[in-house]
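So you can see what is in the structure, the chains are spelled out below.
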Amino acid sequence: RARAMRFIALLGVLVAAQDISEQEFAGTALGTGAIFGLQGSRLLRIDTLANYIQVELPGDDQLCGWPQLLEANGDLWAVPCAAHHVLRISPIGVSKLSLGPSDVSCQWRHAAVAPNGAIYAMPWEASAVLRVATDVRLLGHLGVTNQGKFGFTVASQEYVCGIPWAARRVLCLHTSKDELLQFGDFSDLAGKWRTAAARQGIIFALPVE
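For every chain, the first residue of the written sequence is number 1, and numbering continues from 1 onward in sequence order. Local features in this predicted model are restricted to residues of pLDDT 70 or higher, and side-chain atom pairs are both shown and tallied only at a pLDDT of 80 or more, whereas totals for entire chains, interfaces and linings draw on every residue. No hydrogens and no water enter the side-chain calculation; it runs on all heavy atoms of the structure.

Some words on the sheet that holds strand β14 (residues 159-164)
To keep it simple, the criterion reads: Two strands qualify as a pair provided DSSP detects at least 2 bridges between them. By definition, any uninterrupted DSSP run of H or I lasting at least four residues is a helix, any uninterrupted run of E lasting at least two residues is a strand, and each is numbered from the N terminus. Axis lines are fitted through C-alpha atoms, for helices just across the contact stretch, and the angle between N-to-C directions can take any value from 0 to 180 degrees.
Pairing is antiparallel in the open sheet, where four strands are placed in the order β13-β14-β15-β16. With partners counted over all chains shown, the strands left at the sheet margins are β13 (150-156) and β16 (179-183), one partner each. In this sheet, neighbouring strand axes are inclined to one another by 20° on average, regardless of whether the strands run parallel or antiparallel. Here β13 runs beside β14; their pairing, made up of six bridges, is antiparallel. Bridged to A155 within β14 is V160.

The structure is reproduced here in C-alpha coordinates:
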(Lines give C-alpha, C1' and ligand atoms only; values in the text may rest on other atoms or scores of the structure.)
Protein backbone atom coordinates (compact mmCIF):
# COMPACT_ATOMS: atom_id res chain seq x y z
CA ARG A 1 0.00 0.00 0.00
CA ALA A 2 2.82 2.38 0.85
CA ARG A 3 4.46 1.68 -2.51
CA ALA A 4 1.22 2.33 -4.39
CA MET A 5 0.72 5.61 -2.53
CA ARG A 6 4.26 6.65 -3.38
CA PHE A 7 3.65 6.16 -7.09
CA ILE A 8 0.28 7.89 -6.90
CA ALA A 9 1.99 10.87 -5.29
CA LEU A 10 4.65 10.90 -8.00
CA LEU A 11 2.08 10.79 -10.76
CA GLY A 12 -0.08 13.45 -9.19
CA VAL A 13 2.62 16.09 -8.74
CA LEU A 14 3.80 18.36 -11.54
CA VAL A 15 7.57 18.09 -11.65
CA ALA A 16 9.37 21.31 -12.63
CA ALA A 17 12.11 20.08 -14.96
CA GLN A 18 15.19 22.16 -15.73
CA ASP A 19 15.38 20.97 -19.32
CA ILE A 20 12.72 19.81 -21.77
CA SER A 21 14.54 16.53 -22.35
CA GLU A 22 14.44 15.47 -18.69
CA GLN A 23 12.41 12.39 -17.79
CA GLU A 24 9.04 13.19 -16.25
CA PHE A 25 5.98 11.26 -15.19
CA ALA A 26 2.70 11.78 -17.01
CA GLY A 27 -0.49 10.33 -15.60
CA THR A 28 -4.24 10.53 -15.53
CA ALA A 29 -7.15 8.46 -14.24
CA LEU A 30 -9.74 6.33 -15.99
CA GLY A 31 -13.20 5.55 -14.72
CA THR A 32 -12.16 1.96 -13.99
CA GLY A 33 -10.46 2.82 -10.70
CA ALA A 34 -6.98 2.73 -12.26
CA ILE A 35 -4.29 5.35 -12.74
CA PHE A 36 -1.91 5.02 -15.67
CA GLY A 37 1.54 6.56 -15.74
CA LEU A 38 4.34 6.70 -18.25
CA GLN A 39 7.91 6.17 -17.10
CA GLY A 40 10.27 6.22 -20.05
CA SER A 41 8.97 3.53 -22.37
CA ARG A 42 7.14 1.65 -19.60
CA LEU A 43 3.42 1.97 -19.00
CA LEU A 44 2.50 1.63 -15.32
CA ARG A 45 -0.99 0.75 -14.11
CA ILE A 46 -1.95 1.47 -10.51
CA ASP A 47 -5.11 -0.23 -9.30
CA THR A 48 -6.48 2.14 -6.67
CA LEU A 49 -9.00 -0.45 -5.43
CA ALA A 50 -6.68 -3.42 -5.01
CA ASN A 51 -3.61 -1.26 -4.21
CA TYR A 52 -1.09 -2.84 -6.56
CA ILE A 53 1.14 -1.68 -9.40
CA GLN A 54 1.44 -3.53 -12.67
CA VAL A 55 3.77 -2.85 -15.60
CA GLU A 56 1.47 -3.04 -18.63
CA LEU A 57 4.26 -2.52 -21.17
CA PRO A 58 7.80 -3.42 -20.10
CA GLY A 59 10.46 -1.20 -21.58
CA ASP A 60 13.46 1.01 -20.92
CA ASP A 61 12.66 3.47 -18.13
CA GLN A 62 15.37 5.83 -19.45
CA LEU A 63 14.08 5.97 -23.01
CA CYS A 64 11.33 8.56 -23.51
CA GLY A 65 8.85 6.50 -25.50
CA TRP A 66 5.73 8.56 -24.80
CA PRO A 67 6.10 11.85 -22.86
CA GLN A 68 2.39 12.56 -22.35
CA LEU A 69 -1.02 10.97 -21.72
CA LEU A 70 -4.20 12.60 -23.01
CA GLU A 71 -7.85 11.73 -22.47
CA ALA A 72 -10.11 11.86 -25.52
CA ASN A 73 -13.38 10.14 -26.40
CA GLY A 74 -13.33 8.01 -23.25
CA ASP A 75 -9.83 6.58 -23.82
CA LEU A 76 -6.27 7.54 -22.94
CA TRP A 77 -3.82 8.26 -25.74
CA ALA A 78 -0.03 8.66 -25.82
CA VAL A 79 1.83 10.21 -28.76
CA PRO A 80 5.30 8.80 -29.49
CA CYS A 81 8.61 10.48 -28.85
CA ALA A 82 11.16 7.67 -29.28
CA ALA A 83 8.46 5.01 -29.79
CA HIS A 84 7.11 4.13 -33.23
CA HIS A 85 3.43 3.82 -32.43
CA VAL A 86 0.59 5.66 -30.73
CA LEU A 87 -0.77 4.03 -27.57
CA ARG A 88 -4.52 3.73 -27.00
CA ILE A 89 -5.58 2.73 -23.49
CA SER A 90 -9.21 1.73 -23.05
CA PRO A 91 -11.04 -0.04 -20.21
CA ILE A 92 -10.64 -3.32 -22.14
CA GLY A 93 -6.91 -3.09 -22.80
CA VAL A 94 -3.97 -1.42 -24.55
CA SER A 95 -3.60 -1.24 -28.32
CA LYS A 96 -0.98 0.25 -30.65
CA LEU A 97 -1.38 2.30 -33.83
CA SER A 98 1.82 1.89 -35.81
CA LEU A 99 3.56 4.81 -37.52
CA GLY A 100 6.47 2.89 -38.98
CA PRO A 101 10.20 3.41 -38.35
CA SER A 102 11.78 6.82 -37.76
CA ASP A 103 15.36 8.09 -38.01
CA VAL A 104 15.00 10.82 -35.37
CA SER A 105 15.46 10.45 -31.61
CA CYS A 106 12.16 12.11 -30.66
CA GLN A 107 9.29 12.72 -33.07
CA TRP A 108 6.67 14.55 -30.96
CA ARG A 109 6.87 15.84 -27.39
CA HIS A 110 3.48 17.41 -26.68
CA ALA A 111 -0.08 17.18 -27.98
CA ALA A 112 -3.48 18.77 -27.39
CA VAL A 113 -7.10 17.71 -27.81
CA ALA A 114 -9.03 19.91 -30.24
CA PRO A 115 -12.75 20.72 -29.88
CA ASN A 116 -13.48 18.18 -32.64
CA GLY A 117 -12.14 15.41 -30.35
CA ALA A 118 -9.02 14.72 -32.41
CA ILE A 119 -5.53 14.85 -30.91
CA TYR A 120 -2.87 16.94 -32.62
CA ALA A 121 0.87 16.98 -31.89
CA MET A 122 3.20 19.59 -33.36
CA PRO A 123 6.55 18.13 -34.42
CA TRP A 124 9.62 18.10 -32.22
CA GLU A 125 12.05 16.45 -34.65
CA ALA A 126 9.39 14.89 -36.89
CA SER A 127 8.65 16.38 -40.30
CA ALA A 128 4.85 16.55 -39.97
CA VAL A 129 1.98 17.29 -37.61
CA LEU A 130 0.48 14.15 -36.05
CA ARG A 131 -3.32 13.81 -36.05
CA VAL A 132 -4.94 11.01 -34.04
CA ALA A 133 -8.69 10.38 -34.28
CA THR A 134 -10.26 7.16 -35.56
CA ASP A 135 -7.02 6.74 -37.52
CA VAL A 136 -3.52 8.22 -37.55
CA ARG A 137 -2.47 10.81 -40.13
CA LEU A 138 0.62 12.90 -40.81
CA LEU A 139 -0.18 16.41 -42.00
CA GLY A 140 2.20 18.70 -43.88
CA HIS A 141 5.92 18.37 -44.51
CA LEU A 142 8.19 20.68 -42.51
CA GLY A 143 11.56 18.99 -42.90
CA VAL A 144 13.55 17.07 -40.30
CA THR A 145 15.82 18.93 -37.87
CA ASN A 146 18.02 17.75 -35.01
CA GLN A 147 16.66 20.53 -32.80
CA GLY A 148 13.23 20.56 -31.25
CA LYS A 149 10.93 22.68 -33.35
CA PHE A 150 7.80 23.01 -31.21
CA GLY A 151 7.91 22.13 -27.52
CA PHE A 152 4.26 22.75 -26.71
CA THR A 153 0.94 22.27 -28.52
CA VAL A 154 -2.12 24.31 -27.55
CA ALA A 155 -5.72 24.23 -28.86
CA SER A 156 -7.62 27.47 -29.34
CA GLN A 157 -11.09 27.46 -30.93
CA GLU A 158 -10.72 25.91 -34.41
CA TYR A 159 -6.92 26.04 -34.36
CA VAL A 160 -4.15 23.99 -32.83
CA CYS A 161 -0.82 25.80 -32.64
CA GLY A 162 2.79 24.82 -31.99
CA ILE A 163 4.78 27.11 -29.71
CA PRO A 164 8.38 27.54 -30.98
CA TRP A 165 11.20 25.94 -29.06
CA ALA A 166 13.87 26.28 -31.75
CA ALA A 167 11.53 27.02 -34.68
CA ARG A 168 11.51 30.54 -36.09
CA ARG A 169 7.73 30.74 -36.63
CA VAL A 170 4.50 29.74 -34.90
CA LEU A 171 2.77 26.84 -36.66
CA CYS A 172 -1.03 26.56 -36.57
CA LEU A 173 -3.44 24.06 -38.08
CA HIS A 174 -7.10 24.77 -38.90
CA THR A 175 -8.73 21.62 -37.54
CA SER A 176 -11.84 21.66 -39.74
CA LYS A 177 -9.78 22.04 -42.94
CA ASP A 178 -6.47 20.39 -41.93
CA GLU A 179 -4.70 23.44 -43.38
CA LEU A 180 -1.35 24.65 -42.01
CA LEU A 181 -0.27 28.25 -41.63
CA GLN A 182 2.82 29.88 -40.12
CA PHE A 183 3.51 33.37 -38.86
CA GLY A 184 6.07 35.35 -36.86
CA ASP A 185 9.80 35.81 -37.26
CA PHE A 186 11.88 34.83 -34.24
CA SER A 187 15.49 33.88 -33.60
CA ASP A 188 16.62 30.34 -34.30
CA LEU A 189 17.96 29.91 -30.76
CA ALA A 190 16.59 26.93 -28.84
CA GLY A 191 14.63 27.40 -25.64
CA LYS A 192 12.30 30.30 -26.40
CA TRP A 193 8.94 29.18 -24.92
CA ARG A 194 7.94 25.99 -23.11
CA THR A 195 4.28 26.19 -21.99
CA ALA A 196 1.22 28.02 -23.24
CA ALA A 197 -2.49 28.43 -22.60
CA ALA A 198 -5.41 29.81 -24.61
CA ARG A 199 -8.32 31.98 -23.55
CA GLN A 200 -11.01 33.55 -25.75
CA GLY A 201 -9.03 32.84 -28.91
CA ILE A 202 -5.77 34.34 -27.63
CA ILE A 203 -2.72 32.18 -26.89
CA PHE A 204 -0.31 33.14 -24.12
CA ALA A 205 3.15 31.49 -24.06
CA LEU A 206 5.55 31.61 -21.11
CA PRO A 207 9.25 32.10 -21.80
CA VAL A 208 11.81 29.57 -20.63
CA GLU A 209 13.91 32.33 -19.07
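Let us keep going from here.
Observations regarding a nonpolar patch on the surface
Stated precisely, the cut-off is as follows: Nonpolar side chains (Val, Leu, Ile, Met, Phe, Trp, Tyr) within 5 Å and like charges within 9 Å form the patches, drawn only from residues with over 30% relative accessible area and no salt bridge. Accessibility throughout is a Shrake-Rupley quantity obtained with a 1.4 Å probe, and a residue counts as covered only by protein chains that appear here. The salt bridge criterion pairs a side-chain nitrogen of Lys or Arg with a carboxyl oxygen of Asp or Glu, the two atoms within 4 Å.
A surface patch of nonpolar side chains, about 250 Å² in accessible area, is lined by Y159, L181 and F183. Relative to the elements of secondary structure, L181 occurs in strand β16.

Overview of the pairing of strand β18 (residues 202-207)
Sheet topology note: the strand β17 (residues 193-199)/β18 ladder contains six bridges and is antiparallel. Residue pairing across strands places A196 opposite A205, the latter belonging to β18. The antiparallel hairpin formed by β17 and β18 contains two residues in its connecting segment, where Q200 sits at a positive phi of about 55°.

Here's the deal with the confidence of the model for the protein
The criterion, for reference: Values of pLDDT, which run from 0 to 100, indicate the predictor's confidence residue by residue. We call two residues in contact when some of their heavy atoms are within 4.5 Å.
Averaged over the protein, the pLDDT score is 80; the fraction of residues at 70 or greater is 81%. Taken together, the stretch residues 1-25 has pLDDT below 50 and engages in 38 contacts with residues farther than four places along the chain or on a different chain.

Quick word on the nonpolar core
Threshold: What makes a nonpolar core is a set of buried Ala, Val, Leu, Ile, Met, Phe, Trp, Tyr and Cys residues whose side-chain atoms join them at distances within 4.5 Å. A 1.4 Å probe rolled over the protein chains alone gives each residue an accessible area, and that area as a share of the maximum for its type sets the label: buried under 20%, exposed over 50%, partly exposed in between.
Ranked by size, the top nonpolar core spans 13 residues in total, and within it W77, I119 and L130 carry the most contacts. Among the secondary structure elements, those contributing two or more residues to this core are β5 (70-72), β9 (108-113), β10 (119-123) and β11 (129-132). Setting aside residues no more than four positions away along its own chain, L130 makes contact with V79, P80, V86, L99, W108, I119, Y120, A121, V136, R137 and L138. Of all hydrophobic cores here, the second largest spans twelve residues; its members include L43, L57, W66 and A78.

Brief notes about the state of the cysteines
For clarity, the cut-off: By convention in this document, the label disulfide applies to cysteine sulfur atom pairs within 2.5 Å.
With the rule as written, the count across this model stands at two disulfides. Between the sulfur atoms of C161 and its disulfide partner C172 the distance amounts to 2.1 Å. Its torsion about the S-S bond being 105°, the disulfide of C161 and C172 is classed as right-handed. Taken together, the residues C161 in strand β14 and C172 in strand β15 (residues 170-174) connect sequence positions eleven residues apart. Of the residues examined, C172 reaches a relative accessible area of 4% and is grouped as buried. When the bonded cysteines of the protein are numbered from the N-terminus onward, they pair as 1-2, 3-4. C64 takes part in no disulfide bond, and the closest cysteine sulfur, belonging to C81, lies 4.1 Å away.

Some details on the packing of aromatic side chains
So the rule is basically this: What counts as a ring pair is set by centres within 6.5 Å for rings of Phe, Tyr and Trp (its six-membered ring), and what kind of pair is set by the plane angle: stacked under 30 degrees, edge-to-face over 60, tilted for all other angles. Think of it as a cone above the ring: NZ of Lys or CZ of Arg counts as a charge over the ring if it is within 6 Å of the ring centre and within 35 degrees of the ring normal.
According to the stated counting rule, one finds two aromatic pairs in the structure shown. Centroid distance W124 to W165: 5.9 Å. Interplanar angle 45°. Geometry classified as tilted. Residue W124 is located in the loop between β10 and β11, and its partner W165 is located in the loop between β14 and β15; the two are separated by 41 residues in the primary sequence. In this structure, W124 and W165 share a single accessibility class: buried. With 5.1 Å between their ring centres and 75° between their planes, F186 and W193 make a pair best called edge-to-face. Here the guanidinium or amino end of R109 rests over the ring plane of W124, the centre of that ring lying 5.9 Å away.

Overview of the environment of A118
By secondary structure assignment, the location of A118 is in the loop between β9 and β10. Separated by 57 residues in sequence, A118 and T175 have C-alpha atoms that sit 8.6 Å apart. The contact partners of A118, leaving out residues within four places of it in the chain, are A112, V113, R131, V132 and A133.

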